[in-house]
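The residues making up each chain are set out below.
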Amino acid sequence: MPSAVSRRAVGLALVVALTVAAVSAAGAAGAAFDAEPERANGNASVGDASVGEASVGDPATGDPTLSVPDSRNRAANLTATVSLPGDATERRRFVVRLEGFGGGVVANRTVAVDPGESVAVGFGACHPDGSYVVRLATPDDDVLVAKQVDVERTTPLVALGDPQERLDRRVTRNETLRVDARLHPCVDRTTLSLAPAGPNGDPDPAWSATVRDVDDDGSVSIRWDVDGPATDAVAGGDGTALDAVRVERVVEYGDYRLQTSTPDGIGETGRVTVSFAEPTVDVYTGDDDLNATGALAAARDGDPHDERYPVQVVDDDWVVLRFDVDGTLSTLPSDASLVAPESHENATVRVDGFYAGVEDEASPVDLANATRRFDAETGTLWYAYRADAARDRTRFTYVAVGETWNATAATTVEAVPAVQLAVREGELFPTERVTVGGESALPAGTTLNVSVRTANGTVARDAVVVDDDPFRATLDLSDVPDGTNASVVVTAGDRVLAERAVVVDTRPILELRAFRTNDGGEDQLLAGAANELRAYVWNRGNAPGNATVVFEVGNHTVTRNVTLPAAETRTVSATVPPDAVPDRERVDVSVSFAGDTESRPHLVVPAETTARTPTTTPAATSGTEPWPTLAGTDRGTDDGPTPGFGATAGVAALAAALALVARRADAD
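**A closer look at helix 3 (residues 292-301)**
Next up, step 1: Residues of helix 3 that are buried: Ala-292, Ala-295, Leu-296 and Ala-299. Within helix 3, the buried residues cover an arc of 100 degrees as seen down the axis, which keeps them to one side.
Next up, step 2: On its buried side, helix 3 packs onto strand 20 (280-286), strand 22 (318-324), strand 26 (371-375) and strand 27 (380-386).
Next up, step 3: One side-chain oxygen of the residue at the start of helix 3 lies 3.3 Å from the amide nitrogen of Thr-293, identifying that residue as Asn-291.

**Digging into the state of the cysteines**
Next up, step 1: Taken as a whole and assessed by the stated rule, the structure comprises 1 disulfide.
Next up, step 2: A disulfide bridge connects Cys-126 with Cys-186, and the sulfur atoms are separated by 2.0 Å. Judged by the torsion about the S-S bond (-80 degrees), the Cys-126/Cys-186 disulfide is left-handed. Of this pair, Cys-126 sits in the loop between strand 7 (118-122) and strand 8 (130-137) while Cys-186 sits in the loop between strand 12 (176-183) and strand 13 (189-196); the two residues are 60 residues apart in sequence, bridging distant segments of the chain.
Next up, step 3: Judged by relative accessible area, Cys-126 falls into the buried class, the value being 8%.
Next up, step 4: By relative accessible area, which is 2% here, Cys-186 ends up buried.

**Things to note about the pairing of strand 41 (residues 545-553)**
Next up, step 1: Only one face of strand 41 is covered, namely the face carrying Gly-545, Ala-547, Val-549, Phe-551 and Val-553; the face carrying Asn-546, Thr-548, Val-550 and Glu-552 is uncovered.
Next up, step 2: Where strand 41 hands over to strand 42 (residues 556-564), the hairpin turn is made up of 2 residues, of which Gly-554 adopts a positive phi near 60 degrees.
Next up, step 3: Bridge count for strand 41 against strand 44 (residues 586-593) is 5 bridges, and the pairing is antiparallel. Bridge assignment links Phe-551 to a residue of strand 44, and that residue is Val-591.

**Some words on unusual backbone geometry**
Peptide bonds are trans in most cases, and residues, glycine excluded, mostly fall at negative phi.
Next up, step 1: One non-glycine residue, Cys-126, lies in the positive phi region at around 65 degrees.
Next up, step 2: Positive phi outside glycine occurs at Ala-567, with the angle close to 60 degrees.
Next up, step 3: Counting through the fold element by element, Ala-567 comes out in the loop between strand 42 and strand 43 (568-576).
Next up, step 4: By relative accessible area, which is 38% here, Ala-567 ends up partly exposed.

**Points about the pattern of salt bridges**
Next up, step 1: Inspection of the entire model under this criterion finds 20 salt bridges.
Next up, step 2: Notably, a salt bridge pairs Arg-495 with Asp-317, separated by 3.6 Å at the nearest N-O pair. One end of the pair, Arg-495, is in strand 37 (residues 495-504); the other, Asp-317, is in the loop between strand 21 (311-314) and strand 22, with 178 residues separating them in the sequence.
Next up, step 3: Take Asp-317: its relative accessible area is 11%, and that puts it in the buried class.
Next up, step 4: Arg-507 is the salt-bridge partner of Asp-505, the closest N and O atoms lying 3.0 Å from each other.
Next up, step 5: On the accessibility criterion, Asp-505 (12% relative accessible area) is buried.
Next up, step 6: Each of the salt bridges in this network shares a partner with another, and the network as a whole consists of Arg-74, Asp-129, Arg-153 and Asp-264.

**Quick word on the packing of aromatic side chains**
Next up, step 1: Summed over all chains, the structure comprises 3 aromatic pairs.
Next up, step 2: Between Trp-207 and Trp-224, the aromatic rings sit 5.6 Å apart at their centres with planes inclined by 50 degrees, giving tilted as the arrangement. In this pair, Trp-207 sits in strand 14 (residues 207-213) while Trp-224 sits in strand 15 (residues 219-225), placing the two residues 17 residues apart along the sequence.
Next up, step 3: The exposure class of Trp-207 is buried, given its relative accessible area of 2%.
Next up, step 4: According to the relative accessible area criterion, Trp-224 is buried, its value standing at 3%.

Cut-offs applied
Residues numbered from 1 in each chain as written. Predicted model: local features only at pLDDT ≥ 70, side-chain atom pairs only at ≥ 80, totals over all residues. Heavy atoms only, no water. Buried < 20%, exposed > 50% of the residue type's maximum accessible area, 1.4 Å probe, protein only. Helix = DSSP H or I, 4+ residues; strand = E, 2+ residues; numbered from the N terminus. Arc of directions from axis to C-beta. Contact = heavy atoms within 4.5 Å. Polar contact = N/O pair within 3.5 Å; in protein donor to acceptor, adjacent residues only side chain to side chain. Disulfide = S-S within 2.5 Å. Pairing = 2+ DSSP bridges. Salt bridge = Lys/Arg side-chain N within 4 Å of Asp/Glu carboxyl O. Phe/Tyr/Trp six-rings, centres within 6.5 Å; stacked < 30°, edge-to-face > 60°.

Here you go:
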């Protein structure tokens, strides 16, 4: 916008041209002396039509002067002052005319001025912003003086929200947005309209509303119900009259301009983002004997799980997910896939599920056959599927993504076995009374039937009741012959919950679990020194057993006989003399026990440079002595450490070995 100075420079040039034109138009304008045009909106104050009285007599001899301000605030009264010098001989009558800078009479005033006096003429307030010309003329419209005045506005016609910040509001479809606007003193009404933002947006507003200040407090307000019906979507607030409302269409998700306008010009513009309310997700469960329709019906009538706690679902029971999706879907995707993005309005919607595996081994869920329902009226999306305990944990996420925002809801469902038996596959059961333990995720009070079955039928049975503690069933197998293959079966009613294959027999099962050298974490042998070897052996059978542990270092062999009670471990030690270690860089060390042999190469290091690494001995699974995991076999468990090279000790050992090789080379 041009500055007031530049406008004045251009204006003065035009004043001269307009003055010459005005003289030639004197006859035509004479009829307008007493006319007082009103402003179109009725807000202008026009003042008096004449001041003083016209004089009669000889023509005046003194020249009048005209004073106007350089500029005037729009809200203030615009005035001009006409003066006659003291040497004037009589009262004179003048016409003072306010004209638009581009032409057109805004107001006429007549005034009579006595010699030596000054008379002020008022043109009222609230003229539109811009430059004007004030002309002083004779009654015959002979223009004597013309001066320019600028009408300026320091506050907006309509101001939205906080005076210090531009209006920027976010609203969801289930909310009502209140908009407050402050009006300029010269304005008593405004039209608010909502139109899509951006250069590619629809220029036509989604709705518009004309409101009027009826309590004269200088402000108006509206309430917009985002999802309300067209007839009631926009309502006026206190002290605000709603003169006209037009709702053209449903407002979709996205960014919008909230525009304000008045008959005199444009007011402030704000930004409104219509976004998603945060969707919610609830989890329901249904018994395994239901079908999908029955599970959904039970969920609709039931209560969801407490979201404060992880949701655990028994294997093969129904999981029902309910997403409140805030209208981000109008219909279900046409295909049958759960993981299927759908574009809806200005957003992308998807429902994802992921099996949470160990560490980073998660794999996508395939729930293409999940049963789905969508309630358009309530905006709820339902999924029903059977829990699968083979998949440890599933996390579901509902995501609605716009260009600059997103809304999500997520939940984690863990499928657990109905019963977890404390019995390993292939375990030996003695031919006498045996206790079978386990845990159950079924509701407290559920009766479980625990039985042992052979090819000839059920040979033992016990019933237990589920509570918060692990269950224990006692079974008498005294009539079952040794070597019988059987199964431990747990049922609830007709449903088989768990089954393990076992062998009814009384015998030892001996295994080598691991071995170590010199009580350290590194595979090293000391050159020129005695070396201690340790073997960790286990009897996982149900009867005592005897076997021999054979230690071999190079060509040197040491044997130890051991007796292992049932279900116990032992640590068996042997020491090999200094001359048993060959003069080589690496030597194989092997340990054999009950048909198992484990062999690993060991680095030979000088005794004085050996880096001994203190090791914490793992707790034994039974018996009195510890055992570690046997590295590189399928017999290991996670309960004991695995022998190997540690970083620091490995570097030290390698350095020592290289030094030994160098010395030997020098000796040669």
